[in-house]
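# Tertiary structure, described
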Amino acid sequence: MVDFTLTDEQKALREMAHDFAEKEIRSVAWELDVDGTWPQDIINKAWEIGLMNSHIPEEYGGVGASYLDGCLIEEELAWGCSGVQTTVGANGLAAAPVLLAGSEETKKKYLGMLTERPALASFCLTEPSAGSDVSGMRTRAVKKGDKYVLNGSKCFITNGGYADWYTVYAKTDPDAGHRGISAFVVPKDDTVIVDKKEDKMGQRASNTATITFNDTEIPAENLLGEENKGFKVAMMTLDRTRPGVAAMATGIARAAFEMAVDYSKERVQFGVPIAMHQAIQFMIADMSTKIHLSRLATWNSAVLLDQGRRNTIESSHAKRFAADTAMEVTTDAVQVFGGYGFIKEYKVEKFMRDAKIMQLYEGTAQIQRLVIARETLLPRRVEEPAAV
Ligand SMILES: Cc1cc2nc3c(=O)[nH]c(=O)nc-3n(C[C@H](O)[C@H](O)[C@H](O)COP(=O)(O)OP(=O)(O)OC[C@H]3O[C@@H](n4cnc5c(N)ncnc54)[C@H](O)[C@@H]3O)c2cc1C
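It is worth spelling out a negative patch on the surface at this point. Negative charge collects at one region of the surface, where E58, E59, E104, E105, D146 and E221 lie side by side. Note that E104 resides in helix 5 (residues 104-116).

Around the ligand sit 18 residues in total, of which T126, S132, F156, T364 and Q366 are the nearest. A distance of 2.9 Å is found between an oxygen atom of the ligand and a backbone nitrogen or oxygen belonging to L125. The side chain of Q366 places a nitrogen or oxygen atom 2.7 Å from an oxygen atom of the ligand. Out of a free accessible area of 980 Å², the ligand has 64% covered by protein chains. Going through the elements one at a time, strand 1 (121-124), strand 3 (147-158) and helix 10 (365-377) are the ones with two or more residues in the shell around the ligand. Residue composition of the shell around the ligand, by class: 9 nonpolar, 7 polar and 2 charged.

Over its 13 residues, helix 10 runs 18 Å from end to end, which matches the ideal 18 Å to within 8%, given 1.5 Å per residue. Residues of helix 10 that are buried: A365, I367, Q368, V371, I372 and E375. Buried residues of helix 10, seen end-on, are gathered within an arc of 165° and therefore sit on one face of the element. Looking at helix 10, the residues exposed on the side facing more than 90 degrees away from the buried face are Q366, L370 and L377. If you follow the buried residues of helix 10, they end up packed against helix 6 (230-266) and helix 8 (312-336).

Right, let's get into the confidence of the model for the chain. Put simply, the chain has an average pLDDT of 96, and 98% of its residues get 70 or more. In the predicted structure, residues 384-388 sits below a pLDDT of 50 and forms 14 contacts with residues beyond four places in sequence or in another chain.

The next subject is the side chain of E75. Along the chain, the position of E75 falls in helix 3 (residues 67-80). The class of E75 is buried, set by a relative accessible area of 6%. Engagement of the side chain of E75 in a polar contact is seen with the side chain of R295, the distance being 2.8 Å. Leaving out residues up to four positions away in the same chain, E75 has contacts with A247, T250, G251, R254 and R295.

Core analysis: the largest hydrophobic core is formed by 57 residues, its most contacted members being L77, V84, V348, F351 and M358. Secondary structure elements with two or more residues in this core: helix 1 (8-35), helix 2 (40-48), helix 3, helix 4 (82-101), helix 6, helix 7 (278-306), helix 8 and helix 9 (349-356). With 13 residues, the top contributor of residues to this core is helix 6. Within the second largest apolar cluster, 27 residues are counted, among which are M113, I181, A183 and L238.

Time to look at the packing of helix 6 against helix 9. Contact geometry for helix 6 and helix 9: axes closest at 10 Å, N-to-C directions at 160°. One way to sum up the angle between helix 6 and helix 9 is to call them roughly antiparallel. For helix 6 against helix 9, the interelement crossing comes out left-handed. Across from I252, A255, A256 and M259 in helix 6, the residues of helix 9 making contact are F351, D354 and A355. The residue makeup of the contact of helix 6 with helix 9, split by class, is 6 nonpolar, no polar and 1 charged.

Attention shifts here to the pattern of salt bridges. Two side chains of opposite charge can pair, provided their charged atoms sit close to one another. One pass over the full model with this rule turns up 19 salt bridges. Here D199 makes a salt bridge to R204, at a shortest N to O gap of 2.8 Å. Here D199 falls in the exposed class, since its relative accessible area comes to 68%. Look at R204 and you get buried, because its relative accessible area is 19%. Among the ionic pairs, R353 bridges to E349, the shortest N-O distance being 2.8 Å. A residue pair is termed a helical-turn pair when its members lie 3 or 4 positions apart in one helix, as R353 and E349 do in helix 9 at 4 residues. Of the two residues, R353 and E349, neither departs from the other in class, the shared state being buried. Here the residues in one salt-bridge network are E75, E76, R254, E258 and R295, joined through shared partners.

Next up on the list: the packing of aromatic side chains. Given two aromatic rings, one states the distance between the centres and the angle between the planes to describe the pair. Applying the stated rule across the entire model yields 9 aromatic pairs. Taking 3.7 Å as the distance between ring centres and 5° as the angle between the ring planes, the aromatic pair formed by W38 and Y162 counts as stacked. Highlighted residues: W38 in the loop between helix 1 and helix 2 and Y162 in the loop between strand 3 and strand 4 (165-171), separated in sequence by 124 residues. Ring centres of Y110 and W165 lie 5.6 Å apart, and the angle between their planes is 70°; on these two criteria the pair is classed as edge-to-face. With Y110 in helix 5 and W165 in strand 4, this pair connects stretches of sequence that are 55 residues apart.

Right, let's talk about the environment of A121 for a bit. Tracing the backbone through its elements, the reader meets A121 in strand 1. Judged by its relative accessible area of 0%, A121 is buried. Sequence separation between A121 and A95 is 26 residues, and the spatial gap between their C-alpha atoms is 7.6 Å. Sequence-distant contacts of A121, defined by excluding residues within four places in its chain, comprise A90, N91, A94, L114, A163 and W165.

Mapped onto the secondary structure, T167 falls in strand 4. Since its relative accessible area comes to 0%, T167 is described here as buried. From its side chain, T167 meets the backbone oxygen of A94 in a polar contact 2.7 Å long. Excluding anything up to four places from it in sequence, T167 contacts A94, P97, V98, S122, F123, C124, F184 and L224.

About the cut-offs
Residues numbered from 1 in each chain as written. Predicted model: local features only at pLDDT ≥ 70, side-chain atom pairs only at ≥ 80, totals over all residues. Heavy atoms only, no water. Patch = residues over 30% accessible without salt bridge, like charges linked within 9 Å, V, L, I, M, F, W, Y side chains within 5 Å. Areas by Shrake-Rupley, 256 points an atom, 1.4 Å probe, with all protein chains shown as cover. Salt bridge = Lys/Arg side-chain N within 4 Å of Asp/Glu carboxyl O. Lys, Arg positive; Asp, Glu negative; His and termini not counted. Charge placed at Lys NZ, Arg CZ, Asp CG, Glu CD. Helix = DSSP H or I, 4+ residues; strand = E, 2+ residues; numbered from the N terminus. Near = heavy atom within 4 Å. Polar contact = N/O pair within 3.5 Å; in protein donor to acceptor, adjacent residues only side chain to side chain. Nonpolar A, V, L, I, M, F, W, Y, C, P; charged D, E, K, R; others polar. Expected span 1.5 Å × (residues − 1). Buried < 20%, exposed > 50% of the residue type's maximum accessible area, 1.4 Å probe, protein only. Arc of directions from axis to C-beta. Contact = heavy atoms within 4.5 Å. pLDDT = per-residue confidence, 0-100. Core = buried A, V, L, I, M, F, W, Y, C linked by side-chain atoms within 4.5 Å. Axes fitted to C-alpha atoms, helices over the stretch in contact; angles between N-to-C directions. Parallel < 35°, antiparallel > 145°, perpendicular 65-115°, else oblique. Left-handed = near helix turned anticlockwise from the far one by under 90°. Phe/Tyr/Trp six-rings, centres within 6.5 Å; stacked < 30°, edge-to-face > 60°.

Right under this line is the structure:
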């Protein structure tokens, strides 16, 4: 049955997330944005009431929420501030490879760390010379007895400066391209150096850092899955996390849209509220349609995961469309505000700055189109199982 009616529990979850976003996030969002202030208080509170680590199963201390439930939370918190939501939600990105490919001991130890206290973990894939093309990565992991030794640098790592452990992708066979990548869990120690905190255009309350591994030794059992199968783990992770980015993009767009609608009813030009001008009405109608479709595509991609089905093309459809929508809607919201939209005091410009990253991280807008084209032109015949 095709039915996107939320259950009473899901409605209550969405309401709880919305209240939290309004009281704890919106109230300080613009303040945090000015200096890029780290939102530790919000992290603690979100962890306390179960808005973090939503996909970690109950046996590891998590909430065990469905992917659709996760999207409900992500849209609401991003409505409050997507920089804060990126911070609060990044554990999901780091934890997914562990859930997909970690041993039982690894899951208990590292997922347990996230659910016992408000700890953070980061996902380390990108490198200065390996962004969209991760096969170009240079970080090396060399097996020495019962250990692996890691050397190399990862850039643009969300929560990198505050993480207790990292999911790290490194080359175990440097000549094999993407078939030579393995995934590991790396705990923070003195050999893991936080080199640089980025000063960003938007999502300024989130931490984005360069992380360098200097002869970092980890036990061999911290390998996730099999050696040289890390690329598949990374791609399966992104299938699972892109619906969340799409939900965030929907939340940003909705926040800017609501401000534009309110403003259009108040601002009078040519003797009438600007909402009476058809050009403004059509802009508002297009914004509304795009937000609606973003949410539908997002929920569809999440529900497929909840059904244990492969969602590669649907999660790229959702991420691509919702991210482009967030950029278009926030730009149009500034347009509805006229010159005031360009002035920080009117607050709407923050959404336009925050929206841009939606088209960049977890696969750029172009990479989503590459995935969609590949899935269309070379469809896989066999339904893959939901886990490696
Ligand atoms: C704030 C922020 C947070 C991030 N968080 C994380 C994180 O937690 N963990 C992590 O591992 N990474 C993270 N990233 C990295 C992010 O995922 C990469 O920036 C992104 O994948 C793009 O890589 P790149 O920046 O090297 O761009 P490039 O790959 O150099 O791309 C440059 C341009 O070329 C285009 N392009 C590249 N290849 C193709 C192609 N084949 N066809 C068409 N167009 C192409 C791209 O779409 C883009 O427009 C983060 C980035 C930012 C800015």
